[in-house]
Structure formats: C-alpha cells, structure tokens
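Fold and geometry: a report
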Amino acid sequence: MNMFKGCNPFAQTGRSKLQNKRATVNQQIIKQMRIRAGAENLLKASSNNKVKDMVLLELSYVNSNLQLLMGELEGLNSSVDVYQNAQETTNIPVIALGLKETKEVDFSTAFKDLIRDHYNENGNSFEDQIADLMDLRQACRTPSRNESGVELLAKYSNHLPLVESRFFAPNRPTGIFFTWYDSFTGVPVCQQNLSLEKASILFNMAALYSQIGTRSNRQTAVGLDEAISSFEKAAGILNLLKETYTHIPSYDMSPAMLSMLIRLMIAQAQECLFEKTALPGVRNHFSSLMKMAQEAAKVSEIYDQVHQSMIQTPIKDNVPTFWSTMSQVKTNHYRSMAHYFVASALLDHELGPSDDEDQQEKTLSQVYDQLPDKCSPLDILKRKDERSRMGKAHIRRAITGHEEALRIYSLCPNLTKLDALQDILKASHMRTLEKYNEYEDEEEFADYTEAPDIVSKTEHKAEMEVPAAVKVKVIDFFQRLGPLSVFSARQRWTAPRTVQLVPQDRDLGFTLKGESPVQVVSLDPLCPAAADGLKEGDYLVAVGDTDCKWMSVGEVMRLLKDVDEEGITIQVVSMMDSNPSVPTKSATFSGNLPKTYSMICLAYDDKDKNSKSHKVSKKSSFLSWGLKNKLKSASTLSLPTTDQSGTMPWNKPCRTFPSSSSYNESLS
C-alpha cells in the first residue's frame, strides 16, 4: 500500500489542469526539438541543394511551432488567477511559481543489481524499500498546496543524500537518468547524478510556498501573516538553492534567475506587510499618513528592483512578459500611493496651535531626501502657500503615476484579463482625481512645482527565511545494508567471510572497538581466529545467524560472552582501497552537445564517532545512540476600493526559444 500521497493528478482543479497542460506542452516541445535536431544534422551532412532547401523549409516550420509552444507555456506561467484565494477578489494579484515537471524514474533494476554486486545482499529482499522510495518520488510530482505538501517534498529531499550515499558513486554510473523540465522554457535537462534531482525538489518547495502565499486570504490578518511567511520562506529556499547548487544547467535555476525570483518573493512579502499595516485603516493624521507614504514608497522601490532585474538579458528572454509588466505596474501604483498620502497630509492637516511643530518638522525632513532650493521642512509646515504648493505637486505626480500604471496595464494582453487589478488601478486613479478636484478652484494648480521623491522606509522589513521543514528527520529506507560510515557506494569491501571463533581460557584473541559496525583490533596472530582468516581491522557483520552491522560493542559482547568450547561462527568483511575522493562530475544532456558540470551537492554528515576499545574477555559498556474590514470611520483612510461595501481591493503572466543545442536525443 502506498504510504505517500500527493494530489490526485486527474483532479479537475484549476491548478491540476494547469500542471497537466504544462506537462503536455513540455512533451510537445521535446518532440519538436528532436525533429529540429535531426533536421539540423541532415542539413550539415547533405551536399544536395534540393535536400537542403527542403530541410530549411522544415526547420522554419518547426521553429514556428516551437515559438507557438513557447507562447503557450508563457500563457500558463501568466495564469496567476488559478493560484489566488477563491473567495478573494479585492486584492492585487501576486505571482506564484509553477512546479517543475519531471519524468518517472525506475530505481528497481539498478538498485537491486548494485545491492547484489556491491553490498553482497539479495536485491529482491529490498523490493518493498525500493517501492516506497519510488512511491515517495511519484507523490512529490503532485504535492498538495499546504504544509503537508511541503513536508512531502522535504521528506524526499532529506532521503536523497542517504540514497546518494548508498547507490551513487562518482566513478560508477548507475544507468539512472533524472530528467527535469525548465519551468520557463520547457527545455528538458537530464543528469545521472542526484544534483539536478535535489536542486529541482528545492525549487518545487519554494514554488509550493509561493502558491500557498497566493492562496492566502489577504483580507484578514491571519491570511496576511500566512502570505508573508510563505513568500519569505520561498525566498529563503531559493537563496539556499542559489548558494548550494552553482552549476545546475537548467536556466530557471541559474544564479541570475534565482536572484530575480528571490527579489520577487521578497517584494510580494513586503507588499503583504504594507497591506497588513493598512488593514485596520490608515489614521487620518499627519504622522500616520507620512508613515504610510514611506511604507508605500518602500514597496514601490523593491518592485522597481524586481523589474530592473527582469529586463536584463538573458532573463527578459525567459521570464513571461506578464511578470515584468506586473512589476512595472506595481512600481508606479505604489509610488503614486506614496505621493497621495503625502499630499493628503500636507493639504488636509495644516499646522495648528495644538500640533507638535518639532515633531512634524522631524517627520517631514525624514520623508524628503532633497528639497527645492530655498525651501525647508519648516517653511512647508508653517507657510500655508508653500504647504499648499507642495501638496498640489504631490497630487499631480500621483495622478501621473496612476495614469502610467493604467497605460502599462492596457498594453499587456494577459494583464487585461485581471479584472481585480483593473478595478484597483481605476479606483486609485479616481480617488486621486477627487483630491485634485477639491483644490481645482484654488489658482487652478497654476504652480507646476515638481514634487520631490519620497524616501522609502519601513518598520517591518521582509526577510528571507529558511523553514524548519527543509530539514526533517527521516529513516533510511536501506538501513539494513549497514551504517553509512562503512557500507556506502564510495567504499569497497570484500565479500563476507566466515570465521570460527574458539575461546582459549575465555579469551578469543582479539579486541573490539568503535561503534557500529564494531572492528577487530589487537589481533593475536597465533589465536585460532587468526588461523581461520580473521584479520586486523575486519568489521563484524554477523555473529552466528544474527546480523550485527548496527550493534554496539556492548551488544556484540553479549552475543560472544557465553561461547562454549565448540566455538561460534562470525562473518567479517575487510575494507579495500577506495579511489581517492574527486569532485562529482556529471555528463549533462541539455542540448545536442553533452556538457560536464562540477556539482556542489548537499552534504550528508555522519556524526563524529568516538572510538572505544574493549577486550572480548571482559565486560564492555553499552553504546548509547539515537538519532473584512469593518466600515471605516471618518477618522481613517482606506486603501482604494471598487467594492461598495468598503472592503479593500487590489490582484494575470512572450520569449525567444533556446537553440537546438539545448537538447539531446539521448534524453529519451
């Protein structure tokens, strides 16, 4: 029975349909790339001009198909609406990462052969363990969009270093290929070692957290906390992936792309922090409005950094246009909100006798980095004309910014499908125009002073967080093979030998040391055991019919203490010289040419072992071990909304296809 379950891949949910479409497009891309690779090879080999013309025509047709498929994949990456909270229609949409797709992998034959040849065990006796590992991997292809799904991925991720130590050695290929598809281009990458597998699982953990964040109900404080935490965890895992795996040949996991994705997740977390601050309503007070202005400026600043990274080559050729356009819209939107809040503070709150002049001056001086010549914060506060002039300048700049956000929105076909985003942009624009109209009669804004930039500042900065779920305790499926310190794919040892132990004056003629497995030391070369083939440094793997690979010295002692004159048989193995450690090399097929990449793998560290020596004829010690908002009063300002009930509104994602040198026939 399968212990590990993901989502039903045939479930007709929006997210399942999206992933199924992604898998289908990936398969179609593979087919077209194979055709293109064959056509290009024929073009190089043929000298017949007529054949060349036919091949060129076929290539143009194939390339056209690839462009269409890439456009379809970009449309899937732009479908942010399926990830949003089903009951939420009044928030600006946030972007979720799609899960990387992979092919099925059959460990059975390769692992059984290696267990037989390397570990000298019956591979068929491990069928259940191999099946459990394959079931776990299969479940990871369709994880549920909650903490249980993250735990499932984390469990498999923490099994991989154990599996790698058991079965994957740098100088002995297993014949197992791991194929994963680029999340943005659909191009498959195939490797024989586990680096790609481990990195892809980490990517999918981050993608799953981003989907949890987009699903959260951002109309409640609890939902916003979940969204903030999820985006911060997604950023933390992406950063861990970036620092741990530096040569993954899949572009969606390249350092440049991961840096951009980290910025995106942090920006979305900061956006949710801003929404949380505004959730109870913004106090219609000078200092509160100025504070919100700087918070909005911070969100705008981070989204501007995201947009700048998205438009850099080659990222801009692989990221959906929807994503970069969305970040540009949000940059202008939140910057305009910042100017609106400053304008409201200056125009609606003149300095009165009861106001703290020094405090307001300090607040205003922190909002501006640079003021026009011959203008000081105190002048703006105390002089009504100067205060009005600066407030109107901010209103004009807010209007310009909102109009720019709407213009950019109208240019992206995928964005125009997001009604919630259009509603919030229009509501923000209308609110700013209403503020403009309140002062339209006053000199008709004849003074066109340029409003200074607003200094960004936040009291709650979004930070990357590596979740505890990344490291979970797992039980090695193949622990029956013995402790990894000895019985691993990198080590080599002889086949088990049977030795007859016969005590002489209750002394077996050797000493045991170490933890599990125990090792023979101080062997008397004249004792019967030595004569029967026991060697210094041998490891005990069985006493009689009892497997003792995992036994401590004390436990082995109990098996040997009552040996009679007839003696008892033991099984031992001797370590053989292993090849010196070398960096793991992997032939990676990501195109027509195989490329070799040095992979940095997640290390699996065994606990330090304190060796202990004991005479067999004496009692030995035992080894101890273990592994929604309410209607606002007149004293508050709400974020823009088109909802008549007063709830807060705000929240859908085109690229050059890679050359045929990014695929290889051997992937099949």
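Source: prediction; values computed, not measured. (Residues numbered from 1 in each chain as written. Predicted model: local features only at pLDDT ≥ 70, side-chain atom pairs only at ≥ 80, totals over all residues. Heavy atoms only, no water.)

What follows concerns empty space enclosed by the protein. Put simply, the second largest cavity is a space of about 30 Å³. Lining the second largest cavity, in full, are Lys100, Glu101, Thr102, Cys140, Arg141, Trp180 and Asn204. Taken together, the residues of the lining of the second largest cavity break down into 2 nonpolar, 2 polar and 3 charged. (1 Å grid on protein atoms, 1.4 Å probe; cavity = no way out; pocket = protein on both sides within 12 Å on 5 of 7 lines; lining within 4 Å. Points joined across faces, edges and corners; volume = space filled by probe spheres on them. Nonpolar A, V, L, I, M, F, W, Y, C, P; charged D, E, K, R; others polar.)

Let's shift gears to helix 16 (residues 553-560). If you check which residues of helix 16 are buried, you get Val553, Gly554, Val556, Met557 and Leu560. Buried residues along helix 16 cover an arc of 160° about the axis, so they all sit on one side. (Buried < 20%, exposed > 50% of the residue type's maximum accessible area, 1.4 Å probe, protein only. Helix = DSSP H or I, 4+ residues; strand = E, 2+ residues; numbered from the N terminus. Arc of directions from axis to C-beta.)

So, on to the pairing of strand 1 (residues 178-181). The alternating pattern of strand 1 places Phe178 and Trp180 on one face and Thr179 and Tyr181 on the opposite face, and all of these are buried. Examined bridge by bridge, strand 1 and strand 2 (residues 188-191) share 4 bridges and lie antiparallel to one another. Looking across to strand 2, one finds that threonine 179 is bridged to cysteine 190. Here strand 1 folds back onto strand 2, and the loop between the two strands holds 6 residues, one of which, glycine 186, carries a positive phi near 80°. (Pairing = 2+ DSSP bridges.)

In the contact formed by helix 10 (residues 321-348) and helix 13 (residues 384-411), the axes pass within 8 Å of each other and the chain directions differ by 160°. One way to sum up the angle between helix 10 and helix 13 is to call them roughly antiparallel. Read as a crossing pair, helix 10 and helix 13 show a hand that is left-handed. In the contact of helix 10 with helix 13, the residues fall into 14 nonpolar, 11 polar and 4 charged. (Axes fitted to C-alpha atoms, helices over the stretch in contact; angles between N-to-C directions. Parallel < 35°, antiparallel > 145°, perpendicular 65-115°, else oblique. Left-handed = near helix turned anticlockwise from the far one by under 90°.)

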